[in-house]
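Listed here are the chains, written in short residue letters.
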Amino acid sequence: MNGVHDMGGMENLGPIAPEAGEPVFHHAWEGRVHALSVASPTRRNIDEGRHQREKIPGPDYLAMSYYEKWFRGLSELLVAHGFVSPAEMASGKPAAGAAKATPLLCAEEVTPRFMRRGSYVREAAPPLFAEGDAVRARDLNPHGHTRLPRYVRGRTGVIVNLHGAHIFPDSHAHGKGEDPRPLYTVRFTARDLWGDAANPRDSVCLDLWEPYLERA
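Residue positions are given per chain, counted from 1 along the sequence in the order it is written. Residue-level local features of this predicted model are given only where pLDDT is at least 70; pairs of side-chain atoms are given and counted only at 80 or more, and the full residue set underlies all totals for whole chains, interfaces and linings. To get the side-chain values, take all heavy atoms of the structure and skip hydrogens and water.

Peer 1: Can you tell me about the pairing of strand 2 (residues 134-137), naming the residues and giving the values?
Peer 2: For every residue, the accessible area obtained with a 1.4 Å probe (protein chains only) is divided by the maximum for its type, and the residue is called buried under 20%, exposed over 50%, and partly exposed between those limits. Helix and strand assignments come from DSSP, with helices taken as H or I runs of at least 4 residues and strands as E runs of at least 2, each series counted from the N terminus. Side chains Val135 and Ala137 project from strand 2 onto a buried face, and the interleaved Ala134 and Arg136 project onto a face without burial. Two strands are counted as paired when DSSP detects at least two bridges linking them. Pairing of strand 2 with strand 3 (residues 156-166), which is carried by 3 bridges, proceeds in the antiparallel orientation. Note that in strand 3 the partner of Val135 across the bridge is Gly157. As paired elements, strand 2 and strand 6 (residues 213-215) share 3 bridges and run antiparallel to each other. Each bridged residue has a counterpart across the sheet, and for Arg136 the counterpart in strand 6 is Glu214.

Pasting the structure below:
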């Protein structure tokens, strides 16, 4: 999906100004949104959650803070999957006679859940590429979710690491199953990405799934 969220390599978006001593949350409501997202039944598919935020119209997306985007995406997913009705979402109260669901995550389970390390590693077919292979990022313009940045499409790089097979987000985000595919780290020189004016010593490494790549 070619949306405003894909800002890699874009210019004139203003300086990046790290905040010294930045808190985890700037406002109490941000922590609540994070907690709601973690405890939501939609949490089982974080790729779908990412895609929902990507569908926010550009002008709204640019005007929103980070957790405002999270809240909007979560709200829309809860309605889309029938966990709440539009009226319930608007009022913040359950409809009369609505069934009470069992919480997906209770308070006493929060710490143990965050202490467990999750994994997207799966079994899949043997990889097509090996370390040292020259590859080209395919020039894709998908309508759905993808983790292939726009600025690298059509560019040539070299595989520097193989991470095994991982859940493929382009399928997973759309309810097509985990569809695990080999995942590689690919190194692109700055000049391959931005031309001769770029520093010859600079490079960018991206973790890219096999369907994004072709042999160069």
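Peer 1: Outline the pairing of strand 3, supporting the account with residue identities and numerical values.
Peer 2: Sheet analysis places strand 1 (residues 121-122) next to strand 3, joined by 2 bridges and oriented antiparallel. Bridging across to strand 3, Arg122 finds its partner in Ala165. Here strand 3 runs beside strand 4 (residues 181-189); their pairing, made up of 6 bridges, is antiparallel. For Leu162, the partnering residue across the bridge sits in strand 4 and is Tyr184.

Peer 1: Kindly report on the nonpolar core, identifying the contributing residues and their values.
Peer 2: What makes a nonpolar core is a set of buried Ala, Val, Leu, Ile, Met, Phe, Trp, Tyr and Cys residues whose side-chain atoms join them at distances within 4.5 Å. If you look at the biggest cluster of nonpolar residues, it comprises 18 residues, and the most contacted ones within it are Val152, Val186, Phe188, Leu208, Tyr212 and Leu213. Those elements that place two or more of their residues in this core are strand 2, strand 4 and strand 5 (203-209). With 4 residues, the top contributor of residues to this core is strand 4. In this description, contact between two residues means that some pair of their heavy atoms is separated by no more than 4.5 Å. Ignoring anything within four residues of it in the chain, the contact list for Leu213 reads Phe129, Val135, Arg136, Ala137, Arg138, Tyr184, Val186 and Leu208.

Peer 1: Got a sec to walk through helix 1 (residues 28-39)? Specific residues and values, please.
Peer 2: Over its 12 residues, helix 1 runs 17 Å from end to end, which matches the ideal 16 Å to within 8%, given 1.5 Å per residue. Taken residue by residue, helix 1 has Glu30, Gly31, Val33, Ser37 and Val38 as its buried positions. Axial view of helix 1: buried residues confined to an arc of 160°, hence all on one face. In helix 1, the exposed positions that point more than 90 degrees away from the buried face belong to Ala28 and Arg32. Turning to helix 1, the residues buried within the fold contact helix 4 (66-80) and helix 6 (110-115). One fewer than the residue count of a helix, multiplied by 1.5 Å, yields its expected span. Note: the arc covers the axis-to-C-beta directions of the helix.

Peer 1: Could you give an account of a nonpolar patch on the surface, naming the residues involved and the relevant values?
Peer 2: Residues Met7, Met10, Leu13 and Leu62 make up a contiguous nonpolar surface patch of about 380 Å² in total accessible area. On the secondary structure map, Leu13 appears in the segment before helix 1. Only residues whose relative accessible area exceeds 30% and that take part in no salt bridge are eligible for patches, with like-charged residues grouped when within 9 Å of each other and nonpolar side chains (Val, Leu, Ile, Met, Phe, Trp, Tyr) grouped when within 5 Å. Accessible surface is estimated by sampling points in the Shrake-Rupley manner with a 1.4 Å probe; for residues, cover comes only from the protein chains shown. Basic side-chain nitrogens of Lys or Arg form a salt bridge, by our definition, when they fall within 4 Å of a carboxyl oxygen of Asp or Glu.

Peer 1: Lay out the side chain of Asn45 in plain terms, naming residues and giving numbers.
Peer 2: Here Asn45 lies in the loop between helix 1 and helix 2 (46-54). With a relative accessible area of 13%, Asn45 lands in the buried category. Side-chain atoms alone can form a polar contact between residues adjacent in sequence; in general such a contact is a pair of N or O atoms within 3.5 Å, and within protein one must be able to donate a hydrogen while the other accepts it. Only 2.7 Å separates the side chain of Asn45 from the backbone oxygen of His172, close enough to count as a polar contact. Filtering out sequence-adjacent residues up to four positions away, Asn45 remains in contact with His172 and Ala173.

Peer 1: Give a detailed account of the packing of helix 2 against helix 4, specifying residues and quantitative values.
Peer 2: Here helix 2 crosses helix 4 at 110°, and the two axes come no closer than 9 Å. When the axis of helix 2 is compared with that of helix 4, the two are roughly perpendicular. Contacts from Glu48, Gly49, Gln52 and Arg53 of helix 2 reach helix 4 at Lys69, Trp70, Gly73, Glu76 and Leu77. Note that Gly is not counted as nonpolar here; it falls among the polar residues with everything else outside the nonpolar set of Ala, Val, Leu, Ile, Met, Phe, Trp, Tyr, Cys and Pro and the charged set of Asp, Glu, Lys and Arg. Class assignment for the residues of the contact of helix 2 with helix 4 results in 2 nonpolar, 3 polar and 4 charged. Here, axes are lines fitted to C-alpha atoms. For helices the fit covers the stretch in contact, and angles between N-to-C directions go from 0 to 180 degrees. An angle counts as roughly parallel when it lies under 35 degrees, as roughly antiparallel when it exceeds 145, as roughly perpendicular when it falls between 65 and 115, and as oblique in every other case.

Peer 1: Report on helix 2, specifying residues and quantitative values.
Peer 2: The periodicity of an α-helix, 3.6 residues per turn, causes residues three or four positions apart to be oriented the same way. Every buried residue of helix 2 is listed here: Asp47, Glu48, Gly49, His51, Gln52 and Glu54. Buried-residue contacts for helix 2 involve helix 4 and helix 7 (169-172).

Peer 1: Hey, could you go over the pattern of salt bridges for me, with residue numbers and the actual values?
Peer 2: Applying the stated rule across the entire model yields 7 salt bridges. Here Glu76 ties to Arg72 by a salt bridge, and the two come within 3.2 Å at their closest N and O atoms. Residue Glu76 and its partner Arg72 are located together in helix 4, separated by 4 residues, close to a single helical turn. Taking the shortest distance from any N to any O, the salt bridge between Arg181 and Asp179 comes out at 3.0 Å. The class for Arg181 is partly exposed, based on a relative accessible area of 29%.

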